[in-house]
Every structure is written in structure tokens, then in C-alpha cells.
Amino acid sequence: MTETILGPVSNVPAGEGRVFLVDGEKIAVFHARGGGVYAVQAACPHRGGPLADGLLGGTTLICPLHGWKFDLKTGQALFGDCGLKTFHVTLDASQQIVLLK
Amino acid sequence: MEKQKLVVIGNGMAGARTVEEILARGGAEQFDITMFGEEPTGNYNRILLSNVLNGSYQEDEIFLNPLEWYEENNIRLLAGKRASGLLRRAKLAYGEDGQPVPYDKLIIATGSRAFIPPMEGTTMVDGTLKPGVFVFRSLEDCRNIADWAKGKHSAAVIGGGLLGLEAARGLQNFGLEVHIVHLGGHLMPQQLDTGAGAILKTSMENLGIKVHLKKNTSAIIGPDRVLGLRFADGGTLECDMVIISAGIKANWEIAAGCGLTVERGIVVDDQMRCPDDPSIYAVGECAQHRGHVYGLVAPLWEQAKVLADHITGKNTRSAYHGSKVATKLKVMGVEVASMGIVEPQTPEDEVVQFSEPKRGTYKKLIVRDGRLVGGILLGDISKAAYLIQAFDRNTPLPEERLHLLFDIGDPPKQVTFAEMGASTQVCNCNGVSKGAIVACVNAGKRNAKAVMDATRAGMGCGSCKSMVAEIVEWACGGETEEDPSVHYYVPGVPLTKPELIRAILERNLKSVSAVFDLLAGGKEDAASKPGLASLLKTLWKGEYEDEKDARFINERVHANIQKDGTFSVVPQIPGGITSPAQLRRIAFVAEKYHVPLVKLTGGQRIDLLGIRKDDLPKVWHDLDMPSGYAYGKSYRTCKSCVGSDFCRFGLGDSITLALKIENEFQGFDSPHKLKLATAGCPRNCSEAMVKDLGAVAVEGGKWEIYIGGAAGSSVRKGDILCSADSHEEVLKLMGRFIQYYRENAKYLERTHGFVQRLGIEKIRAIVVEDSEGIAERLDREIAESKAAYKDPWKDAWLPENDNQFASVLPILQ
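Since we're looking at a predicted model, the values are computed, not measured.

A. Layout of the overall build of chain B. When helices and strands are tallied, chain B shows 25 helices and 41 strands. Taken across its 813 residues, chain B has 52% of its residues classed as buried. Put simply, 62% of the contacts in chain B that link residues at least 6 apart link residues at least 24 apart.

B. Spatial organisation of the overall build of chain A. Scanning chain A for helices and strands turns up zero helices and nine strands. Each helix (α) and strand (β) of chain A, taken in turn from the N terminus, gives the series β-β-β-β-β-β-β-β-β. Considering chain A as a whole, with its 101 residues, one finds that 53% of them fall into the buried category. Long-range pairs, those at least 24 residues apart, make up 37% of the contacts in chain A between residues at least 6 apart in sequence. Total accessible area on chain A stands at roughly 4,200 Å², and carbon and sulfur atoms take up 51% of it.

C. Spotlight on the sheet that holds strand 37 (residues 693-698) of chain B. All names here are of chain B. With mixed pairing, the five strands of this open sheet are ordered in space as 35-36-37-38-41. Whereas interior strands pair on both sides, the edge strands pair on one side only; in this sheet they are strand 35 (635-640) and strand 41 (719-724). Averaged over all pairs of adjacent strands, the angle between strand axes in this sheet comes to 20°, irrespective of strand direction. The pairing of strand 37 with strand 38 (residues 702-707) spans six bridges and is antiparallel. Within strand 38, the residue paired with Gly694 across the bridge is Tyr706. Across the sheet, helix 21 (residues 654-665) is in contact with strand 35, strand 36 (674-679), strand 37 and strand 38; its angle to strand 35 comes to roughly 170°. Where helix 24 (residues 760-767) meets the sheet, it contacts strand 38 and strand 41, and its direction lies at approximately 25° from that of strand 41.

D. Representation of the packing of aromatic side chains in the model. All names here are of chain B. Applying the stated rule across the entire model yields 15 aromatic pairs over all chains. When the centroid spacing of 4.9 Å and the interplanar angle of 85° are considered together, the rings of Trp69 and Tyr70 count as edge-to-face. For the pair Trp69 and Tyr70, a shared accessibility class is recorded, and that class is buried. A ring pair is formed by Phe737 and Phe754, whose centres lie 6.3 Å apart and whose planes are at 50°; its orientation type is tilted. In this pair, Phe737 sits in helix 22 (residues 727-744) while Phe754 sits in helix 23 (residues 751-758), placing the two residues 17 residues apart along the sequence. Like Phe737, the residue Phe754 is buried in the burial classification. Following the ring pairs from residue to residue traces out a cluster consisting of Phe737, Tyr740, Tyr741 and Phe754.

E. Spotlight on helix 19 (residues 580-592) of chain B. Residues and elements named next belong to chain B. With 13 residues, helix 19 extends 18 Å between its outermost C-alpha atoms, agreeing within 8% with the 18 Å of an ideal straight helix rising 1.5 Å per residue. Those residues of helix 19 that fall on the buried side of the exposure criterion are Gln582, Ile586, Val589 and Ala590. Along the axis of helix 19, the buried residues cluster in a sector spanning 100°; they form a single face. Along helix 19, the residues that are exposed and aim more than 90 degrees away from the buried face are Pro580, Arg584 and Glu591. Contacts from the buried residues of helix 19 go to strand 33 (597-600), strand 34 (606-611) and helix 20 (616-623).

F. The arrangement of the interface of chain A and chain B in detail. Each partner contributes residues to the interface: chain A has 33 residues there, and chain B has 34 residues. Buried area between chain A and chain B, both sides added, is near 2,600 Å², and the carbon and sulfur share of it is 54%. The largest share of the area that chain A buries against chain B comes from Arg33, Asp53 and Leu55 of chain A, three residues that together contribute 24% of it. The interface formed by chain A and chain B contains four salt bridges. A salt bridge links Asp53 of chain A to Lys613 of chain B, with the shortest nitrogen-to-oxygen separation between them at 2.6 Å.

G. Focus on the nonpolar core. Ile33, Leu86, Leu106, Ile107 and Ile108 of chain B are the most contacted members of the largest nonpolar core, which totals 49 residues. Once residues within four sequence positions are removed from consideration, Ile108 of chain B is found in contact with Ile9, Leu86, Ile254, Ala255, Leu260, Ile266, Ile280, Tyr281, Ala282, Val283 and Cys286 of chain B.

H. The pairing of strand 1 (residues 4-9) of chain B, seen in detail. Residue and element names in this part refer to chain B. Here strand 1 pairs with strand 2 (residues 31-37) via six bridges, running parallel. For Leu6, the partnering residue across the bridge sits in strand 2 and is Ile33. The pairing of strand 1 with strand 9 (residues 105-108) spans four bridges and is classified as parallel. Directly across from Ile9, in strand 9, lies its bridge partner Ile108.

I. Quick look at the pattern of salt bridges. In total, this model carries 52 salt bridges over all chains according to the counting rule given. Between Glu543 of chain B and Lys510 of chain B there is a salt bridge; the shortest N-O distance is 2.7 Å. Taken as a pair, Glu543 of chain B in the loop between helix 17 (529-540) and helix 18 (553-557) and Lys510 of chain B in the loop between helix 15 (497-506) and helix 16 (512-519) lie far apart in primary sequence, 33 residues in all. Residue Lys510 of chain B is classed as buried on the basis of its relative accessible area of 18%. If you follow the salt bridges from partner to partner, you end up with Arg33 of chain A together with Glu524, Lys529, Glu547 and Asp549 of chain B in one network.

J. Inspection of the packing of helix 15 of chain B against helix 17 of chain B at higher detail. Residue and element names in this part refer to chain B. At a minimum axis distance of 11 Å, the contact between helix 15 and helix 17 shows a crossing angle of 60°. Considering their axes alone, helix 15 and helix 17 lie oblique with respect to each other. Along this stretch, helix 15 crosses helix 17, giving a crossing that reads as right-handed. Only Leu532, Leu535, Leu536, Leu539 and Trp540 of helix 17 make contact with helix 15, whose side of the interface consists of Lys497, Leu500, Ile501, Ile504 and Leu505. Residues belonging to the contact of helix 15 with helix 17 are distributed by class as follows: nine nonpolar, no polar and one charged.

K. Here's a closer look at the side chain of Asp719 of chain B. Residue and element names in this part refer to chain B. Structurally, Asp719 is set in strand 41. Only 2.8 Å separates the side chain of Asp719 from the side chain of Arg716, close enough to count as a polar contact. Leave out the neighbours within four places in its chain, and Asp719 touches Ile705, Tyr706, Ile707, Val755 and Ile760.

L. The arrangement of unusual backbone geometry in detail. All names here are of chain B. You will see that Lys91, though not glycine, has its phi angle at about 55°, which is positive. Position of Lys91 relative to the elements: it lies in the loop between strand 6 (83-87) and strand 7 (92-95). Since its relative accessible area comes to 30%, Lys91 is described here as partly exposed. Of note in the backbone geometry, Gln604 takes a positive phi value of approximately 65° without being a glycine.

M. Up close: the sheet that holds strand 5 (residues 55-57) of chain A. All names here are of chain A. Within the open sheet, the three strands sit side by side as 5-6-7. Their pairing is antiparallel. Here the strands that pair on one side only, and so sit at the sheet edges, are strand 5 and strand 7 (69-71). For this sheet, the mean angle separating the axes of adjacent strands, direction not counted, is 25°. Bridge count for strand 6 (residues 60-62) against strand 7 is three bridges, and the pairing is antiparallel. Residue pairing for strand 7: Thr60 is matched across the bridge by Asp71.

N. Focus on helix 13 (residues 448-455) of chain B. Residues and elements named next belong to chain B. When we look at burial in helix 13, the residues that qualify are Ala448, Val451, Met452 and Thr455. In an axial view of helix 13, the angular spread of the buried residues amounts to 100°, which keeps them on one side of the axis. Packing partners of the buried residues in helix 13 comprise strand 30 (432-433), helix 12 (434-442) and helix 14 (465-475). Its side-chain oxygen 3.2 Å from the backbone nitrogen of Lys449, Asn447 forms the N-cap of helix 13. Among the residues trailing helix 13, Arg456 stands out with phi positive, at a value near 75°.

O. A look at the environment of Ile611 of chain B. All names here are of chain B. The topology assignment puts Ile611 in strand 34. When the C-alpha atoms of Ile611 and Gln562 are compared, they prove to be 9.3 Å apart, with 49 residues separating the residues in sequence. Those residues in contact with Ile611 that sit more than four places away from it in its chain are Thr566, Phe567, Val569, Val595, Leu616 and Val619.

P. Spatial organisation of the pairing of strand 2 (residues 16-22) of chain A. Residue and element names in this part refer to chain A. Within strand 2, six of the seven residues are buried, which leaves the element mostly enclosed by the surrounding structure. With seven bridges joining them, strand 2 and strand 3 (residues 25-31) adopt antiparallel strand pairing. Looking at strand 3, one finds that Val22 is bridged to Glu25. Where strand 2 folds back onto strand 3 in an antiparallel hairpin, the turn is made up of two residues, including Asp23, whose phi is positive at roughly 50°.

The rules we used
- Residues numbered from 1 in each chain as written.
- Chains lettered and ligands numbered in written order.
- Predicted model: local features only at pLDDT ≥ 70, side-chain atom pairs only at ≥ 80, totals over all residues.
- Heavy atoms only, no water.
- Helix = DSSP H or I, 4+ residues; strand = E, 2+ residues; numbered from the N terminus.
- Buried < 20%, exposed > 50% of the residue type's maximum accessible area, 1.4 Å probe, protein only.
- Contact = heavy atoms within 4.5 Å.
- Areas by Shrake-Rupley, 256 points an atom, 1.4 Å probe, with all protein chains shown as cover.
- Pairing = 2+ DSSP bridges.
- Axes fitted to C-alpha atoms, helices over the stretch in contact; angles between N-to-C directions.
- Phe/Tyr/Trp six-rings, centres within 6.5 Å; stacked < 30°, edge-to-face > 60°.
- Expected span 1.5 Å × (residues − 1).
- Arc of directions from axis to C-beta.
- Buried area = accessible area lost by both parts, 1.4 Å probe.
- Salt bridge = Lys/Arg side-chain N within 4 Å of Asp/Glu carboxyl O.
- Core = buried A, V, L, I, M, F, W, Y, C linked by side-chain atoms within 4.5 Å.
- Parallel < 35°, antiparallel > 145°, perpendicular 65-115°, else oblique.
- Left-handed = near helix turned anticlockwise from the far one by under 90°.
- Nonpolar A, V, L, I, M, F, W, Y, C, P; charged D, E, K, R; others polar.
- Polar contact = N/O pair within 3.5 Å; in protein donor to acceptor, adjacent residues only side chain to side chain.

Honestly, that's just the spatial picture; any functional story needs more than this.
Given below as C-alpha cells:
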């Protein structure tokens, strides 16, 4: 496991997502309005939609291209069986986003 | 296990098809098969004989099973050998040569032969047909007819049924003058009624065939060859040859000879077995099932399957229940389709009829209890496939009978969901089939919304939503569990739109998160966010507290997301009016940012497609034009025709009106997009009548205002709201309607749905006549919204979030 500090959580506005490039892999990081931080693969498994541009409510994410829905906590698709790869992220004491990979 | 001996008497379409079905069920493992075939060839498609006669097919093209097929399948074919008798106790079949062939199971498929009505002079003293007299049942008949016809002048066909007409048409190809002599009052009496028969007679005569009705032929004249016909009424007809096509007669003699029950055909049960002898079956035109002897091929296919199921033991419960008979006449130049009965049989039978004799078109349907029990199509048989299917499957017909006869306007609708195939795609955007919807219902989703959420059916363009809902209802047997959220403005806040508006205003809620906190128990719902943001903006205008995360990505970055995650940028070009300076700027931007596609839009604007998110603010800055809002659930644009400035037909200044409209409503959030147009005359070049709102100039300095038009996934001509005397009047009335729509439509409900739901009269009363006394307030709301307008592309100079447009954030160590 390697830890990568992605930067302050304030870089990701509440309710939105942003993409980070970590070791050549695009990862979408979300900052839920409830305070939680989540990280998943950046491209939707359906047609490669940019998930960081999706709509987030609770931990449910809607892909902007065709409306596929996923649960960010588990990566599970809310219909269909094609889920998302999830990554472990936390906030450290100084409110920095830390990605464990 | 030793194989059983299976003997099939008859190598026509019924015999050979039955053997094929038996082989398909692994019958080669169970049976040694022997077939008697009277004709010296393999099996051919007898239905196509008339095509051989008319020259459109060669003989070898109509073979179904050539001789090699029998070899390949180890079938012993006794070709050219007619079976002459059966000894049931010994289980032996005899050929004409007296050779016995033992059997364990026997299938009689002897078919039928031409019925020759009693007429003087038909045969010679030795019993053979008089030279020049033919029947039309086999390839040999076909050859003989063709040989005889050479160099002759005229031919008569006795019998105006299906086969007779086909034969007559075929004979024309030999340059003969052809007569049809028919005993009855109209042609094709089995398939047509009097009216259709009369039209068919005219059609045949137009093809050069002479039709003689109600003619009873009493004699064939000529001592040693045909010279003509004599009729019972004393008249005569000269001709060089005669084809007798007066019906068929089942070949049942072999069965009767060994004591099997025979009526009009060999009697069989629902498994195609002879009730007197469980080892003997009969199939095809020689068999009589429940009183019916069929002379068509479709029943034969069904019978062959049942017989094969039973004899191989593959499915001993398989049963034949009789066939519904539908036919198509294949005579070049005349098209006929017929099914079931030709006249109503009970006073309740409903007759739907259309007749246009001049064009040879006749359509008649007989409907009983909402189902098709008979039909005749003549001249135009474009609906035949659909009707034959509805008839055959006994499916309920749509209430609108007109659509049964013609394709008018709308595409033909699916009659019932029961008949719709499981694999039929219902949602064309997301590729969801009827089967998937039904499976979802069966898995416990008992209302349309739950099914749509689970399958994504109806979640693309939305045009199939009502059909999805109907299928769900059908699949639930009409007992859907109502989802209360269908009445909510958005699914995540349990309030109808009026309740929600009241609560928002009373509690002073100005942001989406505040609405969730106070009206939804703090529970966020992603899908509800954009609808709430739109409504809050409409209600609070400049005071609305925008939260980017509540907006769909298009409205966050003021551009339209494309399939590859890039965006399209459409600057404002109201009325389609631009200038060389604007075009130069657009060209400069397109080159500078390597825009892959520059395209004119349907809304008379210019679209720059394939722009990276990171470049959006720079593109806006370099364009220095306001946003065209080509991405939002909002007012989009107003297009225009040339109007009165240049057009010689122009009645009103549509360009100026379009510019004023754009200036009035630009940037307005609304439940769905609003696309407008103005037209300078009723020629409607700008398509104003099919826009959400349109204004069309008419003579006398007036404008007609259309609302609720659509030309997208739905197509609808708008309703006329009223006419107005001036541009200002148009603006005022359009504004009132827009505001009323913004306050009352469901989220994502287009104006066409809204206008149809409320009805144009109600909307006209409120908007034009002010029946609710709210007109003044609506006008005021519009004025306030207009005052709060701010071009979002000004973000180019002041981004709200520094990294809003960054496609990837850098990792800061």
C-alpha cells in the first residue's frame, strides 16, 4: 500500500467530484455533502462517461452521459451488474485527501 | 433396439414435410423409412406450379427434396410407384406391382386430385381425358399444358377459384386468349364476398382475361380434340384447350379399401391418427380433421409437426386443433388476401369496409368480440401481414378500426402487449426489450417508475415512457402499486409542485441543500437536484443561492457534454442573424482551439463541437459573445425566417420579433427546454407551428401565437393560443404562458405534454382572459426574471471555482 496525498479537500467542492491522475491511473474523487470522501475509477463502465462530472446525492452517483447509477461506497451499480473499482481514501488531520493504493 | 419400420404413402408436400419433421426429432434412430411416390421425382413445391406455367420459375427451381436428399437420409424412395392397397392385420402395404412392404407405423399422405365435374365429352372411350383437356395438379400436367398451348389461339379455364385464376394468368404467357368459365356468381367464392368478387372480375378483365360467370358447362365439344364448350343455357364458346380447375377431391381410396373411416377425407384425431388403427396416421389434403379437409399448405405444416411429435414419442401430448385459413392470391397485377369467413354470421358481427372500385381496391373485415374472424383485402394488401397475424393468433384489435385498414398518420401501433414479442425493443435509446420490462415486473417492481429506474427504459429521450407504463400495467395484470412519487415535482421531496412552491416561499428556502434539509428530512437525492435548482431559480431569480453540485454538468460549465466528455459551445445568434465580424471571431476560435467539428444547428446557430472542458473559459473569452444556452433546461433560442425585410411574401417583421423575444427570455430556467420561432407568413418556413412557442404573421398586421408544438421525439403541431396585434402583445402573452408553464409543469415535462395535459382552453382562459386573476403577477415575475439575467459566459473572467473547468487536478505534494 502506498499513500498519496491528493491535496486539500477544499479543492473538491461539496457535492462534486474531481479527477486526479495517480500513477498513470485516472481516479475520480468525490466530496459528499455529508462530509465523506470517496474515490472510484474515473470512467463509467457503460460508455466511458466522465463520472466526476456526475450528479451526487448521498453516496449515489449518476453518470452524466446516460444516467447509470452507482453507490460510491461499494462501487456497486444500482442497475445492471457492472460495478466500479473503488479506492480507499481518508482525510488526514489537516483536511488533506489521502489515497491508499 | 431394433428400428421400427415406417412406411409413408405419398411423396408430396405433406409426406415429405412430415418425414422432415420426424428426422428433426431424431426419427432416423427410431425408424427405417420407406416412401411410396407416384411421381418419378423427388418432392416439389406444388404451390409454385402456376409460376412454372407462367414462366417465372424453371422446373428445377421448385424442388424441395431432390432425389439425393432421400439417399442422404437413408430413406428408401419407391419413386414412380403408386401404393395400391393395405393389409392391416398383417401390417403390409402393397405397391401396384404386388410387392408387399411391411410396416410398424404407416402414414397416409396421398393428397388430393382435381375434381372433374360431370360434363359430356370430357373423356375419350378409353377413359383418358380428351386431347386438349387438362387438369392442373402436377409438374407433368404443367408440361403437357405448355406443349399443347404452342400455336393455339384460345383456352378456357373451368373454375374461377384461386388455382383457376392462377392458371388463367399463366396461360396468357403463351399468347392465348384466355377465358374463365365459372359456375358461381363471383370469382374466388371461398375467399371473397360478392363485392370483392365483382372488383376482382374487373381487375382480371383489365389484364385481358375474359370472365364468364354463372356458366354451367354441360359439354366439351370436339370429336377427337377440344373445339369448344357448350353451356347449359345453350350458348357455346370456341377454344383450343380446357383446363379443369373446379376444386379438389381427397385421395382416400387406399384408406377406404382397408376399412378405415372415410368421409370427405380420411378421418383423423388430434394426433393425426386414424381412430380405427393406432398404427396408421394420415396428414395433408387427404386427411379430415374435425370435419375439415384443408387444401392449403399452412395447415399441413402444423399437422406434420404434431404427427412427428407423436410418432417419435417426443411429445405424445402434442395436439392439432385445426387451422385458421388465410390465403394470398399470387397473380401478377392483382393482389388478394383473404382470411376466415367472408360474410358476417351473427347480428353482432361487426363489418368494417372500404370500397374503391375504380382503383380496384376493396377491404373488408369481420370483427367478433373485438377479434378478427374474417377479412378480405383486394388491390392494396399492405396490411395483410399484420391482419393475418391478428386473425391467426386471435389477438384483440385496437379500438380505432380505421388503422386496421390503412396506415394513417401515426406509425402503426402495437395491437396488444400480449402479442408483442419478448425481444421487441421498447426503449430504443437504452435498448430495453418488452421481455426485460416484464421480467422486472415479475421480480417485484410493481409500478412504472420502479421499472424505469431499474431497467432505464424510458430514461433516454423519454418518448417511450407511456408505452413502458402501459406494459408495466399489463404485466401487473392491471394491478400496479401506485408510486406516490409520480405526483411529486421531483421524486426526492414528497410534495406536489404547488405544495413545494408554497413551502419554499414560506420557509424562505433559497438553495437546494436547504430544501433537502427542511423538506426531505435531510436526505439528498441526486436525481432531484436539477429540478429543484431550476425551480428555485425561477422563484427567487437573483436571490437564488446557486450550488454547482445541484446542477447537471451542462449547467455547471455552461456547455453541452458530448459522448467523449468534451463539450459543444453555441454562442447566442438570435433569429439566426449574424454578421461578418461574428463569423470571423467564430472562425478564429475554431482554428485556435482546433475545434474538430463546426456545424450549423437546427436552431439557426453555429455549434463548435469537441471542445475540452479546460478550454471552455478561454473559448468564451475569445468569442466575446453571450451564451446561447444550447445546453440547458431553459429558454434556448428563437429562430426566424427572413420576414418582411427581404421576402416578397413576408407579412410581418419576424426578425425583429425574434430578437425581442430572445432579449426578453434569454437564460430563463424552465422545466424543460423552450425552443421558439417566428414566421413572417403562414408558409411557416421557420417551423414556428411546431415549436414550444411560435408566432406566425398573418394578413392584417396580426400574429398568431402557437404553443405546445413539438418536432423532436414527439411531433405535434402547436395549438393557437390567440392572435396578437403587435410585437409587444406577442411578448406579453408568450411571457405569461412561459411563466405559467414554469410554475405548473412537472420537471422535464415539455410544453406539448403540458398543453395536452391541461388543455388549450384552460390555458387560454388563464393566460389570455385572466380567469384566475394572476396575469399581472405572471407579467411581474417575467420582468423580474428578465432583470436577473446574467450571461453565464462572463465566468470566463470570474470563475466561481478555480478548478471548475480542470479535467484533471494536479497532485500537490
